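Coordinate inspection notes
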There are 4 protein chains.
Amino acid sequence: MTVHTDALRDHACLIVHGPDQPGLVAAVTALVTRNNANIVSLDQYSSDPAGGQFFQRLVFHRPDLAAAFPDLEADLDQTLAPYGMQWRLTDQSVPKRMAILASTSDHCLLDLLWRHRRGELPVTIPMVISNHTNTAEDVRTFGVPFFHVPSQSGADKSASETEILKLLAGNVDFVVLARYMQILSADFIEQVGVPVINIHHSFLPAFIGAAPYRKAKERGVKLIGATSHYVTTDLDEGPIIEQDVARVTHADTAADLQRRGADVERAVLSRAVLWHAQDRVIRDGNHTIVF
Amino acid sequence: MTVHTDALRDHACLIVHGPDQPGLVAAVTALVTRNNANIVSLDQYSSDPAGGQFFQRLVFHRPDLAAAFPDLEADLDQTLAPYGMQWRLTDQSVPKRMAILASTSDHCLLDLLWRHRRGELPVTIPMVISNHTNTAEDVRTFGVPFFHVPSQSGADKSASETEILKLLAGNVDFVVLARYMQILSADFIEQVGVPVINIHHSFLPAFIGAAPYRKAKERGVKLIGATSHYVTTDLDEGPIIEQDVARVTHADTAADLQRRGADVERAVLSRAVLWHAQDRVIRDGNHTIVF
Amino acid sequence: MTVHTDALRDHACLIVHGPDQPGLVAAVTALVTRNNANIVSLDQYSSDPAGGQFFQRLVFHRPDLAAAFPDLEADLDQTLAPYGMQWRLTDQSVPKRMAILASTSDHCLLDLLWRHRRGELPVTIPMVISNHTNTAEDVRTFGVPFFHVPSQSGADKSASETEILKLLAGNVDFVVLARYMQILSADFIEQVGVPVINIHHSFLPAFIGAAPYRKAKERGVKLIGATSHYVTTDLDEGPIIEQDVARVTHADTAADLQRRGADVERAVLSRAVLWHAQDRVIRDGNHTIVF
Amino acid sequence: MTVHTDALRDHACLIVHGPDQPGLVAAVTALVTRNNANIVSLDQYSSDPAGGQFFQRLVFHRPDLAAAFPDLEADLDQTLAPYGMQWRLTDQSVPKRMAILASTSDHCLLDLLWRHRRGELPVTIPMVISNHTNTAEDVRTFGVPFFHVPSQSGADKSASETEILKLLAGNVDFVVLARYMQILSADFIEQVGVPVINIHHSFLPAFIGAAPYRKAKERGVKLIGATSHYVTTDLDEGPIIEQDVARVTHADTAADLQRRGADVERAVLSRAVLWHAQDRVIRDGNHTIVF
């Protein structure tokens, strides 16, 4: 069953990207007009108006959108094919289905569940999967199913991943790693088939790897940060969606840094998730365009 | 003599605003295309897609722009009249002429002059007018004419303002009050005929009036700020362009707050000036849209 | 039953304030040394070394603190009386008892309960009192008692306040208004007998009163903020403990501002509560010293 | 000739560090008292009250300080020797002598000269040394001597460094690298004999090396930063004094990042220089304590 967000009824989001060229915007906006739709918002970016890449996010309102969807898609195909553009049309009233993978830390997990309950995130949450059980009761209090898939090492590692893939398959539109402390294999990333968003407990590209707050303390930094990015097979190196920092001093202990860092992490992750859920993030190689 | 900014040669900026209605974006973008221009960037905002106000900033590249200008203007008139829209077309390679009014403080004044010399601000600076002489030598070192117009009170106040108006008339496209410590009369604002940008030494709407840093100290605030806004006849109440803050503590003296505040002031003012010079700011009653 | 925080076992916090004068710091630190205690941290501030007010926060470790407490107090009395100083000695291992008053909004309330469970706040929470029932289940999930005291107007208003005072009396060391949407009477503030901390949904002194986010939207501000302060009988005018802001744009609706504002509110309130619980905040008229 | 800062007449700053141990603070403050001085401010930090390192910055007022200096030093020697502490006593009214090394970029250089003229930095500036001549006139406008020492490579590199060392020798108390684009040899760092402060055009430890803004653009970061640190023989790895960041988006070009970065660089460097000049920074291995 899909949940419909009423304020977004009959709203569609169109993402277009490809080689920039004259007439593109006029072609797209004319298409919207002749399909009896009204533009609600339009953002675009060109990496270089002469020969660069073009990115556009256009939200429009079309009464009786569901019925008009096939015609819109056909028109987009026909109109944009000559330009060699990729496009994606989504019904904004259909929330994306988000799975959360977590470990023992609860700060990112609970913040997402709470924002969802509060109506801040246009998503459904069909499941939380954790390799620990400590958050099970909290998760279920929010009315969200909780699945425990213990982590295993060596040959059994792939067994855990297979079980997770089976739970996700067909049920979710994207996955959020809310401080999930396992390194997912390249196989997993390739097979999962949906975007995976991670929150990195550091200000990338700094302090990659384990114990970043201890390393930050040892290095004597005056700011700590967090980075949310799409996961690629290249660990900690996917396209960055959002980053932020907090000021610290010599008097902060490694534990203080971790506590301050947790606040930054949940804030950064919740923004990245919101923007992804609203189709505001377009991937371009190892970058993102965030509208 | 106008200075041409080479990177912006043959670039025009079109500002459109008025009642939102279907087909508007398609009409504008089609116009750009049929006039052999290529869209470089496009930002738009609608206060409400159903019956709200529509604002658009569109930058396009048109080879041989100067020759095409009259045709573009005629086409805009004809195309946008049926929609009841206001529009403004500017040649981006022609920098705006900016006058600076200052008093004894030099932090905002010198920062603008330095950014201009560095090529950060697409403006020319035909004059600095001050009611004091202490900054004359610095200003002239930057190759900018300096005029001293002493302030007077009572009946003679209008004499000072008349002299300033005479210096500005026909010579400038906008005026910046870089900590100009005189209250301009409503008459002046009405007669100057160009936008006037002020930097308010406080985080509006707080601590309006004199000695804001002393008041901030007395109130024990933990943040101080600055606000840049367009000047209207309603003192300290014009449309806000930009604001920012800095963190302070109980240990900061009123003099410390003033020093920290000066840093925020020059940063906020330079951003407001840049955005205005780039036609990024659209006024809408007592608000601004900043693209 | 008191909860003891193990890491703070045998740690005491000494607050001293009064007229600054030579020899004061030496007198206090000598006292600590002769009582076989070791200074863990020391912060001090003088509003003016010549004739100003002196404020000091000193944390020391004294093995077998509980047994030594009476001697320490007697020594402090004898040592500081000649200087005319006020002082306060607290056992850091005894958490303060914090009551939370709330209404329908849950963002500040749940953030405090979650931080407490996580071990970030050195307090106990003997009760949450609300004039609504919607958060009762969430509160009890955290193992915290929930009391419903409906608000009443006119003559019955004092009946509600009397009921709240009865619940609090003798049971709490401070009260937090976590978006409690009732104006407490001057009588209540005087009778409650413990500090009351409020979170103001605005960047004081701006937009005092109702619907601050609507007012901020109308004014077109580029930053919104929140302020946590001690409550005095002068509404919205007590000593400020902490403030912060978030950046917003013309595209944010009043609802967006409210959502962004909620994030700032809970962050600011949690810092103010933490610092109060750690005896880091000293009131000085309408200011605070925050060490 | 030394310049005396009047507000700091008869003020001394005492820095003490070494192994933490009971009675230390009492011993130091008693010393101050018996030398007829009054404590103006006192900051301290212990990395671990049980067996850690202790750091203290104490500012005191002593009438007729110059005459009392020898007695104070003798008393400090006698008092602190048993504790095995290092200490440093400076007369706050004697500004430190700061040399600036620069290349073609003027943003950090001019900001320091301007802040100095404005009275914000308690230093004298006996010289600016640059490997280019473009800033000579600006520097001399501020009344500061300018020396041109061209950079050379290979065997002649040491000739340039030798010339710089000769200019500095005996004339300065610290050196600031205000975007000086030459890598100083380990020999130079060892021979210069005074602290050297650098501004790194990036948020350490990220993007070490050349062209950091291009690398930041390629990586698609959402924040850029700058770091000021003491220079050690380990390039870009000295103790960090201050850091800050600015928010950027996909739409910012590498040139935009550079311009935004320049603003952060000059702000961060000016804070680091101010704090060093005020003896607020204590080095501890690869960290700093900043009071």
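These numbers were taken from a predicted model, which means no experiment stands behind them.

**Observations regarding the overall build of chain A**
On a plain count of helices and strands, chain A comes out with 8 helices and 13 strands. Here the C-alpha atoms of chain A give a radius of gyration of 21 Å, agreeing with the 19 Å that 2.2 N^0.38 yields for 291 residues. Structurally, chain A occupies a C-alpha span of about 60 × 45 × 40 Å along its principal axes. When contacts within chain A are restricted to residue pairs at least 6 apart in sequence, those whose partners lie at least 24 apart make up 66%. Of note, chain A has its 26 positive side-chain charges centred 7 Å away from the centre of its 34 negative side-chain charges.

**What about the sheet that holds strand β11 (residues 240-247) of chain B?**
All names here are of chain B. A sheet is described by the order of its strands in space; here 7 strands give the open sequence β7-β6-β5-β8-β9-β10-β11, paired in mixed fashion. Since the sheet does not close on itself, it has two edges, and those belong to β7 (146-148) and β11, each with one partner. Neighbour-to-neighbour, the strand axes of the sheet open up by a mean angle of 20°, direction not taken into account. Bridge count for strand β5 (residues 96-102) against strand β6 (residues 123-130) is 6 bridges, and the pairing is parallel. When the sheet's bridge partners are listed, L101 is paired in β6 with I129. Across the sheet, helix α8 (residues 254-277) touches β5, β6, β8 (174-178), β9 (196-200), β10 (223-230) and β11, and the angle it forms with β11 is around 150°.

**Some thoughts on helix α5 (residues 157-168) of chain B**
For an α-helix the count is 3.6 residues per turn, leaving residues at separations of three or four pointing the same way. All names here are of chain B. In a regular helix each residue adds 1.5 Å, so 12 residues correspond to 16 Å; α5 covers 17 Å between its end C-alpha atoms and thus fits that length. Turning to α5, its buried residues number three or more, namely S160, E161, I164, L165 and L168. For α5, the buried positions fall inside an angular range of 135° around the axis, keeping them on one side. If you follow the buried residues of α5, they end up packed against β5, β6, β8 and α6 (186-192). Once α5 finishes, G170 follows within two positions and takes phi at roughly 80°, a positive value.

**Examining the pattern of salt bridges**
In a structure, side chains of opposite charge can pair up when their charged atoms sit close to one another. Residues and elements named next belong to chain A. Within this structure, the stated rule accounts for 80 salt bridges over all chains. Between R271 and D244 there is a salt bridge, and its shortest N-O distance comes to 2.8 Å. With a gap of 27 residues between them, R271 in helix α8 (residues 254-277) and D244 in strand β11 (residues 240-247) connect regions that are remote in the sequence. According to the relative accessible area criterion, R271 is partly exposed, its value standing at 24%.

**Section: the interface of chain C and chain A**
Between chain C and chain A, the residue contacts involve 15 residues of the former and 15 residues of the latter. Summed over both sides, the interface of chain C with chain A buries roughly 1500 Å², with 37% coming from carbon and sulfur. For the chain C face of the interface with chain A, the top three residues by lost area are W114(C), R259(C) and R266(C), together amounting to 33%. At the junction of chain C with chain A, the criterion picks out 10 salt bridges. Put simply, R118(A) and D106(C) hold a salt bridge, and the shortest N to O gap is 3.3 Å. Put simply, the parts of the chain that give the side of chain C that touches chain A at least two residues each are α3 (107-117) and α8 (254-277) of chain C. With 6 residues, the single largest contributor to the side of chain C that touches chain A is α3(C). Here the residues of the side of chain C that touches chain A are counted per class, giving 4 nonpolar, 1 polar and 10 charged.

**Some words on the relation of the copies chain D and chain A**
Under the fitted operation, chain D is carried onto chain A by 0.0 Å of movement along the axis and a turn of 180°, and the coordinates agree to an RMSD of 0.0 Å. Look at the turn and shift together and you get a two-fold axis relating the two. Mapped onto chain A, 100% of the interface residues of chain D again fall at the interface, so both copies present the same surface.

**Focus on the domain arrangement of chain A**
For interface size, the figure often reported is the accessible area lost on association. All names here are of chain A. Under the domain assignment, chain A is made up of domain 1 (6-91) and domain 2 (96-290). Distance from the C-alpha centre of domain 1 to the C-alpha centre of domain 2: 31 Å. The interface is formed by 9 residues belonging to domain 1 together with 7 residues belonging to domain 2. Taken over both partners, the interface formed by domain 1 and domain 2 buries close to 740 Å², and the fraction arising from carbon and sulfur atoms is 60%. Run the count over domain 1 and domain 2 and you get 1 salt bridge. The partner of D279 in a salt bridge is R88, and the shortest N-O contact between them spans 3.6 Å. Between domain 1 and domain 2 we count 3 residue pairs in polar contact (both at pLDDT 80 or more) in total. Secondary structure elements with two or more residues in the side of domain 1 that touches domain 2: β1 (11-19), β3 (53-61) and β4 (86-91). Taken together, the residues of the side of domain 1 that touches domain 2 sort by class into 4 nonpolar, 3 polar and 2 charged.

**Considering the sheet that holds strand β8 (residues 174-178) of chain C**
All names here are of chain C. One open sheet accounts for 7 strands, arranged β7-β6-β5-β8-β9-β10-β11; its pairing is mixed. This sheet does not close on itself; its edge strands, each paired only once, are β7 (146-148) and β11 (240-247). Between one strand and the next, the sheet's axes are offset by a mean angle of 20°, whatever the strand orientation. Where strand β10 (residues 223-230) meets β11, 7 bridges bridge the pair, whose relative direction is antiparallel. Across the sheet, the residue bridging to T227 is Q243, located in β11.

**With respect to the interface of chain D and chain A**
Taken residue by residue, the interface counts 32 residues in chain D and 32 residues in chain A. Taken together, both faces of the contact between chain D and chain A bury some 2600 Å²; the carbon and sulfur share is 54%. Taken together, the connections running from chain D to chain A amount to 4 salt bridges. A salt bridge links R247(D) to D244(A), with the shortest nitrogen-to-oxygen separation between them at 3.6 Å.

**Describing the packing of aromatic side chains**
Residues and elements named next belong to chain D. Under the criterion given, the structure shown has 4 aromatic pairs over all chains. Judged by centre distance (6.2 Å) and plane angle (20°), the ring pair of Y45 and F55 falls under stacked. One end of the pair, Y45, is in strand β2 (residues 38-46); the other, F55, is in strand β3 (residues 53-61), and 10 residues separate them in sequence. What makes Y45 buried here is its relative accessible area of 15%. On the accessibility criterion, F55 (0% relative accessible area) is buried.

**A short note on the side chain of S160(C)**
Residue and element names in this part refer to chain C. Tracing the sequence through the fold places S160 in helix α5 (residues 157-168). Of the residues examined, S160 reaches a relative accessible area of 7% and is grouped as buried. Within the local environment of S160, its side chain forms a polar contact with the side chain of Q152, the two groups lying 3.3 Å apart. Contacts of S160, omitting those with residues within four sequence positions, involve V149, P150, S151 and Q152.

**A closer look at the packing of helix α7 (residues 212-219) of chain D against helix α8 (residues 254-277) of chain D**
Residues and elements named next belong to chain D. The contact between α7 and α8 brings their axes to 9 Å, and the two run at 120°. When the interaxial angle is binned, α7 and α8 end up oblique. Crossing hand, α7 versus α8: right-handed. Residues Y213, R214, A216 and K217 of α7 form the contact with α8, whose own contacting residues are A254, L257, Q258, G261, A262 and E265. A per-class count over the contact of α7 with α8 returns 5 nonpolar, 2 polar and 3 charged.

**Focus on unusual backbone geometry**
Note on backbone geometry: most residues besides glycine have negative phi, and most peptide bonds are trans. For R179(B), which is not glycine, the phi dihedral falls at a positive 65°. You can see R179(B) is positioned in the loop between β8 and α6. In this structure R179(B) comes out as buried when scored by relative accessible area, which is 10%. Here the phi dihedral of D279(C) falls at roughly 55°; this positive angle occurs in a residue that is not glycine.

Reading guide: rules and limits
- Residues numbered from 1 in each chain as written.
- Chains lettered and ligands numbered in written order.
- Predicted model: local features only at pLDDT ≥ 70, side-chain atom pairs only at ≥ 80, totals over all residues.
- Heavy atoms only, no water.
- Helix = DSSP H or I, 4+ residues; strand = E, 2+ residues; numbered from the N terminus.
- Rg over C-alpha atoms; globule rule 2.2 N^0.38 Å.
- Contact = heavy atoms within 4.5 Å.
- Lys, Arg positive; Asp, Glu negative; His and termini not counted.
- Charge placed at Lys NZ, Arg CZ, Asp CG, Glu CD.
- Pairing = 2+ DSSP bridges.
- Axes fitted to C-alpha atoms, helices over the stretch in contact; angles between N-to-C directions.
- Expected span 1.5 Å × (residues − 1).
- Buried < 20%, exposed > 50% of the residue type's maximum accessible area, 1.4 Å probe, protein only.
- Arc of directions from axis to C-beta.
- Salt bridge = Lys/Arg side-chain N within 4 Å of Asp/Glu carboxyl O.
- Buried area = accessible area lost by both parts, 1.4 Å probe.
- Nonpolar A, V, L, I, M, F, W, Y, C, P; charged D, E, K, R; others polar.
- Least-squares fit on C-alpha atoms with pLDDT ≥ 70 in both.
- Domains from an automatic or database assignment.
- Polar contact = N/O pair within 3.5 Å; in protein donor to acceptor, adjacent residues only side chain to side chain.
- Phe/Tyr/Trp six-rings, centres within 6.5 Å; stacked < 30°, edge-to-face > 60°.
- Parallel < 35°, antiparallel > 145°, perpendicular 65-115°, else oblique.
- Left-handed = near helix turned anticlockwise from the far one by under 90°.

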